[in-house]
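Now for the letters of each chain:
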Amino acid sequence: MIGQQCLAPHGRCAQSACHWRTSSRLWAAAVRPLRAVAAFEQQSDQVELVATVAHLLKWMQGQGAPCTDRLEPKRFKADGGERVGLIAAADAQAGEVLLQVPESLAVTGIDAEKHDLVGPVAAQCSELVGLTLWLMAERARGAASSWSQLLQTLPHSTASPVLWEEQERVELLTGSPVLQEARSRQAALQQQWAQLHEQHFSQAADRFSPSVFNEAAFMRSFCVVLACSTFLPSAECFALVPVASCLARTGNDNGCSLDYDAQRQAVVVTSTRPYREGQEVLLNDGRPNGELLLSTGTLQDGNMSDCISFPASLIPSDRCGRGH
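Only a predicted model underlies this, so the values are computations on that prediction, with no experimental measurement involved.

A. Region of the structure containing the pattern of salt bridges. Using the criterion set out here, one finds twelve salt bridges in the structure. Residues arginine 276 and aspartate 91 are paired through a salt bridge, measuring 3.5 Å at the closest nitrogen-oxygen approach. Here arginine 276 is found in the loop between strand E9 (266-271) and strand E10 (282-284), whereas its partner aspartate 91 is found in the loop between strand E2 (81-88) and strand E3 (97-102), with 185 residues between them in sequence. The exposed category is assigned to arginine 276, whose relative accessible area is 57%. Through salt bridges with shared partners, a single network forms among Asp116, Glu138 and Arg141.

See the structure below:
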């Protein structure tokens, strides 16, 4: 659910981008955890995910979503093994709508607050924490969840260094500001869980099964929400948007925009440049690789957000500027 009702009092700021210096060491550091996640998400799961996304597109069409035939899922090779992305099903021009998801099919903090189990707790939390609790509760319902189609397209974990063991963080991230930031975010999440557990979950263990609502599951689910949700500027909220979570990110302004369109009452993916049939469709994301690694567990090769442009010139008195 999107719209003015979604202007929750907590966590309404967009994802802020901190400027990190990406190095070959940082790039190499991500490969081992990515491979670990890939081992968990087996190759057969990627094949199944392609079929699941294709089925989800057809299901969305049945729910009244237009433009569901403009994108197709495809498997891509990645540093960690394989991933599933989306390609253009036909040539597209700049400014064309490639995906339109009705607001009723997007999950926001409002849906979390209305949840029959975690709603009262989610209403007291930030949007992202509320969505995390919603994800934990709905995942526990399995195929019985009315959102099972969406849930099947979301990973069970990410390669964010927030989830790494400390020894691995020290070994792979020493010398990068990502190391301390990952520690800080992990500590903040642990503190958040401790408060939730003390104030709510420990008081009603019969309703909130410890096998479902525990610190490890909360940490993993939060990282999944952070990686797969999108901030919609026009609606001023975060949302889990079916299919859109499969779009790979780019910081080079050569992808698509994603936002809420009040006139269409839908979340819309719009191309900002022409696409050829079969070309991977990317989502514009201006965050540098350090922040991408922390938030999504991924890196982008040649991320322009890691570059700093500045003017330079030679003064007449500089011998380097004289002809020889």
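B. Structural detail: the sheet that holds strand E4 (residues 107-108). Strand order in the open sheet formed by three strands is E4-E6-E5, and the pairing between neighbours is antiparallel. Edge positions in the sheet fall to E4 and strand E5 (230-232), since each of these pairs with one other strand and no more. Strands in contact with helix H5 (residues 127-141) are E4 and strand E6 (237-240); relative to E6, the strand with the most contacts, it is inclined by about 20 degrees.

C. Just the packing of aromatic side chains, in detail. Under the defined criterion, the tally for this structure stands at eight aromatic pairs. Ring geometry for tryptophan 193 against phenylalanine 201: centres 5.2 Å apart, planes inclined by 20 degrees, an arrangement best described as stacked. For the residue pair tryptophan 193 and phenylalanine 201, the accessibility class agrees, reading buried in each case. Here phenylalanine 231 and phenylalanine 238 contribute two aromatic rings whose centre-to-centre distance is 5.1 Å and whose plane-to-plane angle is 65 degrees, an arrangement assigned as edge-to-face. The same class applies to phenylalanine 231 and to phenylalanine 238, which are both buried. The ring of tyrosine 275 is capped by arginine 273, whose NZ or CZ atom sits 4.1 Å from the centre of that ring.

D. Just the pairing of E3, in detail. In terms of burial, E3 is largely enclosed, as six of its six residues are buried. Bridge count between E3 and E9: five bridges; the pairing is antiparallel. Within the sheet, the bridge partner assigned to glutamine 100 lies in E9 and is valine 268.

E. Just the side chain of serine 229, in detail. Secondary-structure assignment places serine 229 in the loop between helix H9 (215-228) and E5. Separated by 2.7 Å, the side chain of serine 229 and the backbone oxygen of valine 225 make a polar contact.

F. Layout of unusual backbone geometry. One non-glycine residue, valine 243, lies in positive phi territory at about 75 degrees. Relative to the helices and strands, valine 243 resides in the loop between E6 and strand E7 (248-250). Positioned with a positive phi, aspartate 253 is a non-glycine residue whose angle comes to about 55 degrees. Positionally, aspartate 253 belongs in the loop between E7 and strand E8 (256-261). Residue aspartate 253 is classed as exposed on the basis of its relative accessible area of 65%.

Procedures and definitions
- Residues numbered from 1 in each chain as written.
- Predicted model: local features only at pLDDT ≥ 70, side-chain atom pairs only at ≥ 80, totals over all residues.
- Heavy atoms only, no water.
- Salt bridge = Lys/Arg side-chain N within 4 Å of Asp/Glu carboxyl O.
- Helix = DSSP H or I, 4+ residues; strand = E, 2+ residues; numbered from the N terminus.
- Buried < 20%, exposed > 50% of the residue type's maximum accessible area, 1.4 Å probe, protein only.
- Pairing = 2+ DSSP bridges.
- Contact = heavy atoms within 4.5 Å.
- Axes fitted to C-alpha atoms, helices over the stretch in contact; angles between N-to-C directions.
- Phe/Tyr/Trp six-rings, centres within 6.5 Å; stacked < 30°, edge-to-face > 60°.
- Lys NZ or Arg CZ within 6 Å of the ring centre and 35° of its normal.
- Polar contact = N/O pair within 3.5 Å; in protein donor to acceptor, adjacent residues only side chain to side chain.

So yeah, pure geometry; function would need other evidence.
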